[in-house]
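# Structural description and commentary
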Amino acid sequence: MAYEDLFKYIGDFGRYQKRIYFLLCLTAIPCGFHKMANVFLMARPDHRCQLPFEFSNASYNVPSDQLRMEYPFDKIAGNYSKCERFDVDFSEEYFKSNTTANQTIACDSYIYDYSKYKSSTVIEWTMICGRAWMRATADALFMVGVLLGSIIFGQMSDNYGRKPVFFASLVLQVIFGVIAGVAPNYVIFTLSRLIIGATTSGVFLVSYVLAMEMVGHTYRLFAGVAVMMFFSFGFILTAGFAYVFPDWREFQIAITLPGLVFMCYYWFIPESSRWLLSKNRKEEAIKIIEDVAKENKVTVPKEVLDSIGDDQKETIKNPDEKPPSVFDLFRYPNLRRKTLLIFLDWFVNSATYYGLSWNTSNLGGNDYVNFVISGAVEFPAYTFLLLTLNRWGRRNILCGCMLVAGIALLTTIIVPEQHGYAVVILAMFGKMAITASYGTIYVFTTEQFPTPVRNVGLGASSMMARIGGILAPYINVLSDIWKPLPLVVFGVLAFISGLLSLYLPETLNKTLPETIEEGERFGKKVRKDEENTVDNAELKRLNPTETNGVGIIETAEHNGHAKVDN
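This text gives an overview of the structure that appears in the document. Predicted model, so just to flag it, every value in this text is computed and none were measured. (Residues numbered from 1 in each chain as written. Predicted model: local features only at pLDDT ≥ 70, side-chain atom pairs only at ≥ 80, totals over all residues. Heavy atoms only, no water.)

Another point: the overall build of the chain. When you go through the chain residue by residue, the secondary structure sums to 25 helices and 6 strands. With 566 residues in all, the chain has 55% of them scored as buried. Partitioning the contacts of the chain with sequence separation of at least 6, the portion at a separation of at least 24 is 79%. Summing over all exposed atoms, the chain offers an accessible surface of approximately 24,500 Å²; the carbon and sulfur share of this is 61%. (Helix = DSSP H or I, 4+ residues; strand = E, 2+ residues; numbered from the N terminus. Buried < 20%, exposed > 50% of the residue type's maximum accessible area, 1.4 Å probe, protein only. Contact = heavy atoms within 4.5 Å. Areas by Shrake-Rupley, 256 points an atom, 1.4 Å probe, with all protein chains shown as cover.)

Dropping the structure here:
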């Protein structure tokens, strides 16, 4: 008997599942802390060159008539240079001359504006101007950690179980979270953050898979999207921690310590019964199933329990049969075209999502308010998906949201400088749209690839997303050249990707491809009477775990590649 058939007896989302699901969703909150903490850990305050006659505690503000005598004007940036000064002696005679010098020199020390941020790693290790790459690289390496964690912890969870890997990730997250908070230098801080990035994959991935494996197919779309709202809540709370703990070291430790609370989960969270059955540990799996039935106040017949997992008995495989690989996605023209488009969508969605999330301090206005709004807009985005994903179609939502995001971000170019609030509104509208498209691409991708290469395809797609996240900090650095430039880059990427995605076939209410050959035919131009369509009821009968947005669970269980990772 297939495990999926068991939900007819225990219920798709009974009291037991709701309790465990809620507890596991809470672990997404500290993952949100760590993924968004760099906005405040590496906050870049306004700064200027320290002049030869100034002390290090000099005020950041200087009279405007002196600025033109001390710093060259940057026409592209639209303000006085933050990284260069005139190469003069700044004597009394020079200021009286009322003529500016021609020679400039790079700053060797800086005066900071402490009105917004009292402390940050940028201030402590001077990660500005010619050293701005250090800040971007620290962010990029964090995302490298996320990529490595999704592979390493995903594989470990398949081999050694969900529960031990979850707690190992949690322990590492707390340990290296504290180390990052007391790091004496940039290298130790960055390496600690890289490991923290890996553990966010371990904690979030494994808890997500655990939660989804105990939920019946009729609730999986809701469960898969709702967990993201907890991540968004952690996103918003990060600003609260940063406000209460203005010192970056205290802030880093403060967002780490809540992880200790989840250590008590060891006595409340069970191992995945699906995983236990896959490892022939049937007695342990049945004990958990009986606990679920007891709390849900239902009875599972003994013959049903005895037959659970029979479908997972090892079958004889052809020794000459090659395992699926990513190269299979490129052997046929139609499948290759769809694969490249999907890879582009993942890259753009991830780069734009993280780029906008980490760029809130460059929008003007109050950084904390901008950050909170950036997190808050994710709630209507996910609610929109719940209401429309199974009604309007995956392609319509994906393309529409990416086009809307692109238009909103590109419109910021024409906003007059004095209307900075309009830039914030447009950027947040773009963030909301890209959040919705990012949520859609997980479902859409699992339904595009044929069954033999579905996990491989989603794993490769997820790696493209991580590459986008790695490059996002470097795109944000372009704000040093021209403040709106990162928004323009993200806008162009989103708009072009949205247009190209129109070439992907719709998957809602379509029979999903089961072979490579079907995958190659899927989406090709055919006569209407030849289209492979069936109604919802038939789809649910044929593919109960792969339709109506629930295909994400099948791939999320393999090697950590398919985690729903914001």
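Moving on from the coordinates now.
Attention now goes to the packing of helix α17 (residues 367-376) against helix α20 (residues 420-448). One way to put it is that α17 packs onto α20 with a least axis distance of 9 Å and a crossing angle of 30 degrees. Comparing the axis directions of α17 and α20 gives the class roughly parallel. The handedness of the crossing between α17 and α20 is right-handed. Taken together, the residues of α20 that come into contact with α17 (itself represented by Asn370, Ile373 and Ser374) are Val424, Met428 and Lys431. Each residue belonging to the contact of α17 with α20 can be placed in one class, and the counts come to 3 nonpolar, 2 polar and 1 charged. (Axes fitted to C-alpha atoms, helices over the stretch in contact; angles between N-to-C directions. Parallel < 35°, antiparallel > 145°, perpendicular 65-115°, else oblique. Left-handed = near helix turned anticlockwise from the far one by under 90°. Nonpolar A, V, L, I, M, F, W, Y, C, P; charged D, E, K, R; others polar.)

As enumerated under the stated definition, the model contains 7 cavities of 30 Å³ or more in all. When its volume is computed, the largest cavity comes out at roughly 150 Å³. Along its surface, the largest cavity is lined by 15 residues, and Arg135, Asn362, Pro473, Asn476 and Val477 are the ones closest to its centre. For the lining of the largest cavity, the secondary-structure elements that each account for two or more residues are α8 (132-160) and α21 (454-476). Among the elements that make up the lining of the largest cavity, the one with the highest residue count is α8 (4 residues). Per-class residue counts for the lining of the largest cavity are 6 nonpolar, 5 polar and 4 charged. (1 Å grid on protein atoms, 1.4 Å probe; cavity = no way out; pocket = protein on both sides within 12 Å on 5 of 7 lines; lining within 4 Å. Points joined across faces, edges and corners; volume = space filled by probe spheres on them.)

Next up on the list: the packing of α21 against helix α22 (residues 485-500). Their axes nearest at 8 Å, the elements α21 and α22 cross at an angle of 140 degrees. Put simply, α21 runs oblique to α22. For the pair formed by α21 and α22, the contact residues are Ala472, Ile475 and Asn476 on the first element and Pro486, Val489 and Phe490 on the second. By residue class, the composition of the contact of α21 with α22 is 5 nonpolar, 1 polar and no charged.

Positioned with a positive phi, Cys129 is a non-glycine residue whose angle comes to about 55 degrees. Along the polypeptide, Cys129 turns up in the loop between α7 (121-125) and α8. Phi is positive for Asn509, which is not a glycine, with a value near 60 degrees. In this structure, Asn509 sits in the loop between α22 and α23 (516-521). Classification of Asn509 as partly exposed rests on a relative accessible area of 27%.

What follows deals with the state of the cysteines. A full pass over the atoms with the stated rule returns 2 disulfides. Each sulfur of the disulfide joining Cys49 and Cys107 lies 1.4 Å from the other. Negative torsions about the S-S bond denote left-handed disulfides, and the value of about -55 degrees found for Cys49 with Cys107 makes this one left-handed. Of this pair, Cys49 sits in strand β1 (residues 47-49) while Cys107 sits in the loop between β5 (104-106) and β6 (110-112); the two residues are 58 residues apart in sequence, bridging distant segments of the chain. Side by side, Cys49 and Cys107 carry an identical accessibility label, which is buried. Disulfide partner of Cys83: Cys129, at an S-S distance of 2.0 Å. (Disulfide = S-S within 2.5 Å.)

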